[in-house]
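# Secondary and tertiary structure notes
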Amino acid sequence: GSVVPPKQRKSKVSFFMGIDMNFYLSSMTYETDEEYKYDSDLHAEHTFDGKGVNAGAAVGLLIKDIIGIRGFFGLGKQSGQSSYRSSDISCPAESCSDIDADVTNIALGASTTFFPFNRSLGPMYNSYIEGAVGISIHLYDDDYDYADRFERDGSILTFFKMEVGKLVPLNEFFNVGFGIAYSLDIASEMYSDSDEDIDRGEFKHSLWVGVRFARKTNKT
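What comes next is a walk through the structure. (Residues numbered from 1 in each chain as written. Predicted model: local features only at pLDDT ≥ 70, side-chain atom pairs only at ≥ 80, totals over all residues. Heavy atoms only, no water.)

### Quick notes on the pattern of salt bridges
Scanning all chains against the criterion turns up 9 salt bridges. With its nearest N and O atoms 3.9 Å apart, the salt bridge here joins R212 to D20. Taken together, the positions of R212 in strand β8 (residues 196-215) and D20 in strand β1 (residues 13-36) put the pair 192 residues apart, joining distant regions of the chain. Between E163 and K161 there is a salt bridge, and its shortest N-O distance comes to 3.7 Å. (Salt bridge = Lys/Arg side-chain N within 4 Å of Asp/Glu carboxyl O. Helix = DSSP H or I, 4+ residues; strand = E, 2+ residues; numbered from the N terminus.)

The following block contains the structure:
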């Protein structure tokens, strides 16, 4: 009789990449207190509230159709209002509050995606939970160059993001879907010695909603 060849087994590891387009709202606060033993003390504040769009790309591997590990890069642009206050810089005739400002946001790092319902096909197939961590760079600009004057034209923070969403398979390899997310960018510093005390902190909260395009192997 004829010999039936064994059924080829699918690899437990597959290529996993995605491209995202997002709309997001952000609120940032920065505050520093510097106390010196022999010099004058410094207190400064900066806030920004704005909205904008972001595009991101992520590339990595998917293991057993359950766990994805990827590196990511994101680039965003926001418009909003900045306010400044500093004990050693006086405002000119214009107010230092509610100034029209733009910010460019850059983020890069690594993410882990968990597909809890991918053991079998069903309505929840390709629903996911994703966590990301990395660094974010923020470049501020405004109509009066206050960001530069107050030394707040750029900052580097630690980036954390949590996202939930769902992908809809288009075929064996390609998907389209949506996601909603919250991210926190944070940097803090506390320093003390016999001559000075420094307490500095920056926090940026963002809410995201967007469209996801993903290349991953789907069950058929």
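### A few points about the packing of aromatic side chains
This structure, assessed with the given rule, holds 9 aromatic pairs. With centroids separated by 6.1 Å and ring planes inclined at 85°, the aromatic side chains of Y84 and Y146 adopt a geometry described as edge-to-face. Within this pair, whereas Y84 is found in strand β3 (residues 67-86), its partner Y146 is found in helix α1 (residues 146-149), the two being separated by 62 residues in sequence. Each member of the pair Y84 and Y146 is classed as buried. Plain terms: the ring middles of Y146 and F150 are 6.1 Å apart, the flat faces sit at 65° to each other, and that makes the pair edge-to-face. (Phe/Tyr/Trp six-rings, centres within 6.5 Å; stacked < 30°, edge-to-face > 60°. Buried < 20%, exposed > 50% of the residue type's maximum accessible area, 1.4 Å probe, protein only.)

### Here we look at a negative patch on the surface
A cluster of like negative charges, contributed by D88, D100, D102, D141, D143, D145, D148, E151 and D153, occupies part of the molecular surface. Structurally, the position occupied by D143 is in the loop between β5 (127-142) and α1. The exposed category is assigned to D143, whose relative accessible area is 57%. (Patch = residues over 30% accessible without salt bridge, like charges linked within 9 Å, V, L, I, M, F, W, Y side chains within 5 Å. Areas by Shrake-Rupley, 256 points an atom, 1.4 Å probe, with all protein chains shown as cover. Lys, Arg positive; Asp, Glu negative; His and termini not counted. Charge placed at Lys NZ, Arg CZ, Asp CG, Glu CD.)

Nothing here speaks to function; it is all geometry.
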